[in-house]
Amino acid sequence: MNAVINLQDDRSERRTAPEGLRPETGSMSMIQALNSAMDVMLEKDPNVVIFGEDVGYFGGVFRCTEGLQQKHGEDRVFDTPIAEGGIVATAIGMGVNGLRPVVEIQFADYIYPAFDQIASELARLRYRSAGQFWSPVTIRTPCGGGIRGGQTHSQTPEALFAHVCGLKTVMPSNPYDAKGLLISAIEDDDPVIFFEPKRLYNGPFDGDPDKPAVSWDNHEKGQVPVGHYRVALGKAETVRAGNDLTILAYGTMVHVALAAAAREGIDAEVIDVRTLAPLDIDTLCESVCRTGRCVIVHEATRHCGYGAELSAQVQEHCFWNLEAPIERVTGWDTPYPHAQEWAYFPGQARVAKALRRTLDA
Amino acid sequence: MASRLHIPTAPYRPGEQPDFSTIKLPKAGELARPDELVAANECSELPFNLLRVLDDNHQATGPWDPQLPAAVLLDGLRYMLLTRLYDERMLRMQRQGKMSFYLKCTGEEAVSVAQCMAVNDGDMLFPTYRQQGLLITRGYPLLDMMCQCLSNAGDKLQGRQLPVMYSSDVHKFFSISGNLGTQFSQAVGWAMAAEYRKTNDIAVAWVGEGTSAEADFHYALTFSSVYRAPVILNVVNNQWAISTHQNVAGGDQNPFAARGIGYGIPGLRVDGNDFLATYAATRWAAQRARTGGGPTLIELYTYRAAPHSTSDDPAKYRPTDEWEHWPLGDPVERLKQHLVALDEWSETDHERMREELEDTVSTIWKEAVSLGTLNEGPHPPDAAMFEHVYKEMPSHLVEQRRQLEGRDERSN
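Here's a quick rundown of the structure. (Residues numbered from 1 in each chain as written. Chains lettered and ligands numbered in written order. Predicted model: local features only at pLDDT ≥ 70, side-chain atom pairs only at ≥ 80, totals over all residues. Heavy atoms only, no water.)

**Some thoughts on the overall build of chain B**
A tally of regular secondary structure across chain B gives 11 helices and seven strands. A compact globule built from 412 residues would reach a C-alpha radius of gyration of about 22 Å, and chain B, at 22 Å, matches this within 12%. With respect to the principal axes defined by its C-alpha atoms, chain B has extents near 75 × 60 × 50 Å. A fraction of 74% describes how many contacts in chain B between residues 6 or more apart in sequence connect residues 24 or more apart. Of the accessible surface of chain B, which amounts to about 16700 Å², a share of 47% is contributed by carbon and sulfur atoms. Put simply, chain B has 39 plus and 54 minus side-chain charges, and the middle of one group is 4 Å from the middle of the other. (Helix = DSSP H or I, 4+ residues; strand = E, 2+ residues; numbered from the N terminus. Rg over C-alpha atoms; globule rule 2.2 N^0.38 Å. Contact = heavy atoms within 4.5 Å. Areas by Shrake-Rupley, 256 points an atom, 1.4 Å probe, with all protein chains shown as cover. Lys, Arg positive; Asp, Glu negative; His and termini not counted. Charge placed at Lys NZ, Arg CZ, Asp CG, Glu CD.)

Written out as structure tokens, the structure reads:
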């Protein structure tokens, strides 16, 4: 038993489009890209089911599942009671019985009631049963600040999950990656925690709250194939090549880092980590060993934050090539404040200062 | 000044004389048996009662009598006795230092054996660590159970789990967590998937009464009720959660089976030491689940005659002879007496079966220890710890395995 029924061989989709025929693409926000990923997977695999608070009829508080229930049916996309632990627990049981559940935790800030089910159960089921039982659950959850959400709607708790062996932890920074990574996550036979930076849902954000919001329409990564494609888990992406120093970032901070480097006129190499666990250390270290300087940027608090792991690993692998201390720019070690949001948020000015320090060291 | 809080306690403490005459025991056979698809509100008296089939003269009586053939009853007796003898042997071996830990289910054998026999082989079991009788009833090899307890080279779980945290996908026995209650709500998900996939399988889950306070208990009741999942949710009320009496879980307020009413789930409160009543209640719930009626909450009223585990000393918190005063007796003895009363069994038969099963356990034990013990090995290889963390081993684990094996200059 415990066979996951794959009615279609998904590997057949790996074929590349014939030359001259580019897959059909469209302009999508991150919300639309995520919606498209789930739509594609519901279509492709009858074992995919989607559930969570408000995700059914209404389509989710951020609209990520809009229209999916109407299109795929109430038994495949449905609302749940307000019980995050119950949502994850039932997903685990469904996964053991052959389904491929994709659940939404409405805000990452609400994920803690499910932590026992995620960290003690979902992450370790394959291990503790020596491979007899496993559950390919994907947990989607909007994270991050910049939306005036205060301390219960702004957290990025990725470090808590990246610390748990047996989980894969992902955070995209744009619509193209969001769709491709989510499809990979759903198809993956290991559990994946999929963090969606909600400030990026409707457009890129460079950390300046005073600028008018922009959409994804004119962004290269806002052009998204309408069909099935994957962005591999466990692979970082160099989003800007450069020689002066290396910036390691993910989620919203990728855009802030790019803007900060541009503002300072620094030829930075910017790497979007994308998958925090398992980490693509080779891509990161190849860059840092070349530039000799490294600045790590994340939104979450600093102490034991994911940057600490990045810093440790970069030091282990690149020590003899380093020309300057590794810097971290992060949220302060306080709960996420409301009125003081822009003093807390590691914006361009703070990132720029760290870049300058690292370059001058 | 006395606190106005109600701080529940156990009825008897060490040195006191247990007297359970206050426990109201309805007569066997008295309780009506409603249709399996009855609404929870229409059978709301059931959880406040106690379902019993075996009467004081060891006869089966009333509408809940499952009328099982003697051969089936003898199977049940055999599985229960084997479970008990297996437990006794494993305890002795733990005391001799062959394994790090053990946990018996003495006095509760009817729960796992009767319930297992009342459901189908395709039904998925989500047990706690005190339902070893399920594996024995489903024919899981005793050798594999012993090797798991010994964490030796024959351990199918590769030495990953504390003794008794068994797992068998083939026998549809879910991997035991050790974190209490988590499997209760997972079972509901499994049952929802069974319905989604249009199979006729149901899920059966157990928790102890102490764990009914955990959120997972309430997730399970809520989700199973909301989606009408085909699942049997069992609360084994064995009176004790380590040293904490069931009163501290709220058992002195209302029976645990009555927790179902608020969720629209029928509750059955069953004499868990009565093999026939336990079988009949489970059968009823299984039929309900299989015909679209959704979940049933069953409270198995019993007594944990064993210590919580080998790490526990019950003499510190309850009278050592409390079990002997337990008014619902010993499930093995009661089924035996029933078979004797039916003229299907005798004391001699019973002794013969005991000797045969003891021999079986002894023989298999010798084979198990020949594959190693925790202290002396051989164990599963150390490097096996890196497997099954993920489906495919990521590079950092390959690297760490190399470090463990001393093949990396940076090992420490």
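Moving on from the coordinates now.
**Observations regarding the pairing of strand β7 (residues 192–197) of chain A**
Residue and element names in this part refer to chain A. Most of β7 sits out of view: six of its six residues are buried. Taking every second residue as pointing to the same face, both faces of β7 are buried, with V192, F194 and E196 on one and I193, F195 and P197 on the other. Note: strand β5 (residues 138–143) against β7, six bridges, orientation parallel. Each bridged residue has a counterpart across the sheet, and for I139 the counterpart in β7 is I193. With three bridges joining them, strand β6 (residues 168–170) and β7 adopt parallel strand pairing. (Buried < 20%, exposed > 50% of the residue type's maximum accessible area, 1.4 Å probe, protein only. Pairing = 2+ DSSP bridges.)

**Some points on the packing of aromatic side chains**
Residue and element names in this part refer to chain A. For the structure shown, the criterion picks out 25 aromatic pairs over all chains. With a centroid separation of 5.3 Å and an interplanar angle of 65°, the aromatic rings of F62 and F107 are classed as edge-to-face. Taken together, the positions of F62 in the loop between β2 (48–52) and α2 (68–72) and F107 in the loop between β4 (100–104) and α4 (115–122) put the pair 45 residues apart, joining distant regions of the chain. Relative accessible area serves as the criterion here: at 10%, F107 is assigned to the buried category. (Phe/Tyr/Trp six-rings, centres within 6.5 Å; stacked < 30°, edge-to-face > 60°.)

**Some thoughts on the pairing of strand β3 (residues 231–237) of chain B**
All names here are of chain B. Where burial is concerned, most of β3 is hidden: seven out of the seven residues are buried. A two-sided burial pattern is seen for β3, the buried positions comprising V231, L233, V235 and N237 on one face and I232, N234 and V236 on the other. Following the chain from strand β2 (residues 203–208) across helix α6 (residues 215–227) to the adjacent parallel β3, one finds a crossover that is right-handed. (Right-handed = clockwise from strand over helix to strand, strands pointing away.)

**Quick word on the environment of R259 of chain B**
Residues and elements named next belong to chain B. Following the sequence through the fold, R259 ends up in the loop between β5 (244–245) and β6 (267–271). Expressed as a C-alpha distance, the spacing of R259 and E16, which sit 243 residues apart in the sequence, is 31 Å. Those residues within four positions of R259 in sequence are excluded, and the remaining contacts are F217, L221, A249, G250, G251, N254 and L297.

**Some words on the sheet that holds strand β1 (residues 124–126) of chain B**
Paired through their backbone hydrogen bonds, the strands of a sheet run either parallel or antiparallel. Residue and element names in this part refer to chain B. The five strands are arranged β1-β2-β3-β7-β6 in an open sheet whose pairing can be described as parallel. Where the open sheet ends on each side, the last strands, each with one partner, are β1 and β6. Across the sheet, the mean angle separating the axes of adjacent strands is 20° when strand polarity is ignored. Two elements, β3 and strand β7 (residues 296–301), share six bridges in a ladder whose sense is parallel. Residue pairing across strands places N234 opposite I298, the latter belonging to β7. Lying over the sheet, α6 contacts β2, β3 and β7, oriented at roughly 150° with respect to β3. (Axes fitted to C-alpha atoms, helices over the stretch in contact; angles between N-to-C directions.)

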